[in-house]
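Residues per chain, in single letters:
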Amino acid sequence: MTRAEEEGIGGQALADEPLARHTSYRIGGPADLYVVVRREEDLLGWVTLARREGVSYFVMGRGTNLLVADEGIRGIVIENRCRGVRSLTRSEGILLRVQAGGSLPSLARRTAKEGLGGLEWAVGIPGTVGGAIVNNAGAYGGSIAQRLQQLTLLDSQGFLRRMAVSELGLGYRTSRFKGEGSVILSADFALQAESRDLLLQRVASYERERRKSQPKEPSAGSVFKNPEGDYAGRLIEEAGLKGERIGDAQISPLHANYIVNLGQARARDVAALIRLVRERVWQKQGVLLELEIELVGDWEPGELTATMGILGQDKEWRDHPQL
Ligand SMILES: Cc1cc2nc3c(=O)[nH]c(=O)nc-3n(C[C@H](O)[C@H](O)[C@H](O)COP(=O)(O)OP(=O)(O)OC[C@H]3O[C@@H](n4cnc5c(N)ncnc54)[C@H](O)[C@@H]3O)c2cc1C
């Protein structure tokens with residue numbers, strides 16, 4: 001009997017489970033232990049157990065913003081599938097309390113159908129509420145920061161806390177939570193009553209727009225953040241890199257800020273393309289592109305070290321020496 005079973009901690013646990021089965025990229029080596037949890041007490045149980053035993057842990061949503069190393073992730077990866085929704089009434093509008101493992105696009109569709117406005121922009125963002133908060137996900141002028149009021153979390157010291165949106169350090173595709181060890185449990189969103197027909201029209205038009213502009217192959221969405229006043233995709237296209245391919249990883253011919261997996265791409269192929277883009281855009285346009293996707297796992301420093309030149313000095317390099 002395992003320690004988790006002895007302590008009554010539930011969840012589906014798989015040893016040496018390839019992350020490629022659980023990321024939108026379909027890329028990533030094995031986690032020592034991969035656990036899917038559907039109840040908050042199990043999520044808390046696994047995190048507490050890992051901390052107590054000194055085992056590293058990584059809580060993820062649907063793996064739609066991740067590039068996981070080919071060598072995988074040591075320790076425990078916990079996939080959060082806790083997805084309850086509760087409505088809290090207040091005098092000035094509607095407040096929804098949503099568990100962090102719930103699907104963001106399902107929430108956007110469901111609230112629009114119920115005539116609750118404020119999350120329609122999120123209909124094409126294929127992750128969880130928790131992942132969306134960590135990245136302050138956004139699209140079409142909307143973002144998590146606009147509707148989030150407060151959240152409940154297990155902080156890095158092991159305390160359960162409520163935090164107001166102003167304390168979360170939300171900025172363009174960032175928050176205080178990246179790599180910080182807190183576990184987001186639930187979030188309160190303030191929505192307003194609106195015409196159901198208008199909301200559903202907006203949802204349908206965002207979905208149409210996505211179908212036109214978004215590559216169909218596996219990806220993690222936009223690889224780079226847009227630099228101030230410009231678009232990463234435009235810079236990459238202007239640098240002549242659209243369609244460039246390393247192994248089965250390709251800079252999408254449809255949308256240059258997507259690197260797609262044509263079938264058997266490895267993480268190191270995607271990383272090599274990332275390096276190529278950053279070098280070329282720096283040389284041609286003098287812009288240093290920052291990553292929007294997150295590199296996680298057991299990357300071998302040196303494995304991919306090639307000529308970095310001036311890029312070797314920047315923050316991305318310090319955070320991810322393998323690039
Ligand atoms: C086709 C496609 C289109 C996309 N379009 C957009 C877009 O328009 N706009 C946009 O912003 N993003 C977009 N993305 C990126 C991605 O979907 C978002 O960043 C999404 O919010 C990530 O959610 P996730 O659940 O998959 O998080 P994951 O990728 O699983 O994790 C992301 C980070 O969140 C952390 N995390 C997840 N849950 C928790 C939790 N409960 N507690 C603590 N930390 C947690 C993880 O540890 C990790 O650091 C797109 C991706 C794809 C594949």
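Computed from a predicted structure; not experimentally measured.

With respect to the sheet that holds strand 14 (residues 245-246)
Piece 1. Across the sheet, three strands lie side by side as 14-15-16; this open sheet has antiparallel pairing. Both edges of this open sheet fall to strand 14 and strand 16 (259-261), since each of them pairs with a single strand only.
Piece 2. Pairing geometry for strand 15 (residues 249-251) and strand 16, over three bridges, is antiparallel. Across the sheet, residue Gln250 finds its bridge partner in strand 16, namely Val260.
Piece 3. Against the sheet, helix 8 (residues 267-285) contacts strand 14, strand 15 and strand 16, and its axis sits at roughly 30 degrees relative to strand 15.

Describing the site of the ligand
Piece 1. The ligand sits among 35 residues. The nearest are Val59, Thr64, Thr128, Gly138 and Arg210.
Piece 2. Measuring from an oxygen atom of the ligand, one finds a side-chain N or O atom of Thr64 at 2.6 Å.
Piece 3. The contact in question runs from an oxygen atom of the ligand to an N or O atom on the side chain of Asn135, over 3.0 Å.
Piece 4. Burial of the ligand by the protein amounts to 93% of the accessible area it has alone, namely 980 Å².
Piece 5. For the shell around the ligand, the secondary structure elements donating two or more residues are strand 3 (57-60), helix 4 (129-135), strand 9 (138-139) and strand 13 (183-193).
Piece 6. At five residues, helix 4 tops the list of elements feeding residues into the shell around the ligand.
Piece 7. Taken together, the residues that form the shell around the ligand break down as 15 nonpolar, 16 polar and four charged.

Description of the pairing of strand 13
Piece 1. Most of strand 13 is tucked away: nine of the 11 residues are buried.
Piece 2. Direction of pairing for strand 7 (residues 93-99) relative to strand 13: antiparallel, over a ladder of six bridges. Directly across from Val98, in strand 13, lies its bridge partner Ala187.
Piece 3. Bridge count between strand 11 (residues 148-154) and strand 13: six bridges; the pairing is antiparallel. Note that in strand 13 the partner of Leu154 across the bridge is Val183.

What to know about the environment of Gly297
Piece 1. With respect to the helices, strands and loops of the structure, Gly297 is situated in the loop between strand 17 (294-296) and helix 9 (315-319).
Piece 2. With a relative accessible area of 40%, Gly297 lands in the partly exposed category.
Piece 3. Along the sequence, Gly297 and Gly141 sit 156 residues apart, while their C-alpha atoms lie 32 Å from each other.
Piece 4. Residues within four places of Gly297 in sequence aside, it is in contact with Ala69, Gly72 and Ile73.

Here's the deal with the side chain of Arg173
Piece 1. Structurally, Arg173 is set in the loop between strand 12 (160-164) and strand 13.
Piece 2. Among the residues examined, Arg173 registers a relative accessible area of 16% and is labelled buried.
Piece 3. At a separation of 3.0 Å, a polar atom in the side chain of Arg173 contacts the main-chain carbonyl oxygen of Asn136.

Some details on the pattern of salt bridges
Piece 1. Within the structure shown, the criterion is met by 25 salt bridges.
Piece 2. Two residues, Arg21 and Glu17, come together in a salt bridge whose shortest N-O distance is 3.1 Å.
Piece 3. Arg74 is the partner of Asp32 in a salt bridge, and the nearest nitrogen-oxygen pair spans 3.0 Å. Residue Asp32 is located in strand 2 (residues 30-37), and its partner Arg74 is located in strand 5 (residues 73-80); the two are separated by 42 residues in the primary sequence.
Piece 4. Note on Arg74: relative accessible area 34%, which makes it partly exposed.

Some points on the side chain of Ser143
Piece 1. Inspection of the secondary structure assignment puts Ser143 in strand 10 (residues 142-143).
Piece 2. Classification of Ser143 as buried rests on a relative accessible area of 14%.
Piece 3. Once residues lying within four places of it in the same chain are set aside, the contact partners of Ser143 are Trp121, Asn136, Ala137 and Gly138.

What counts and how
- Per chain, residue numbering runs from 1 following the sequence as it is written.
- A pLDDT threshold of at least 70 governs which residues receive local features in this predicted model, and a stricter bar of 80 or more applies before side-chain atom pairs are shown or counted, although totals over entire chains, interfaces and linings include all residues.
- Values reported for side chains reflect all heavy atoms of the structure, with hydrogen atoms and water molecules removed beforehand.
- Between any two strands, pairing holds if DSSP finds at least two bridges.
- Here a helix means four or more residues in a row that DSSP labels H or I, a strand means two or more in a row labelled E, and each is numbered from the N terminus.
- Here a residue-residue contact requires only that any non-hydrogen atoms of the pair lie within 4.5 Å.
- Note on geometry: axes are lines fitted to C-alpha atoms, helical ones only across the stretch in contact, with angles between N-to-C directions running from 0 to 180 degrees.
- When at least one non-hydrogen atom of a residue lies within 4 Å of a molecule or strand, that residue is treated as near it.
- Whenever a nitrogen or oxygen atom comes within 3.5 Å of another N or O atom, the pair is scored as a polar contact, on the condition that within protein one atom can donate a hydrogen and the other can accept it, and that pairs from neighbouring residues in sequence are kept only if both atoms are in side chains.
- Working definition of accessibility: Shrake-Rupley area with a 1.4 Å probe, residue cover restricted to the visible protein chains.
- Polar here means any residue outside two lists: the nonpolar Ala, Val, Leu, Ile, Met, Phe, Trp, Tyr, Cys and Pro, and the charged Asp, Glu, Lys and Arg; Gly therefore counts as polar.
- Any residue under 20% of the maximum accessible area for its type is buried, any over 50% is exposed, and the rest in between are partly exposed; the area is computed with a 1.4 Å probe on protein chains only.
- What makes a salt bridge here is a side-chain nitrogen of Lys or Arg within 4 Å of a carboxyl oxygen of Asp or Glu, nothing more.

Remember, this is a structural readout, not a statement about activity or role.
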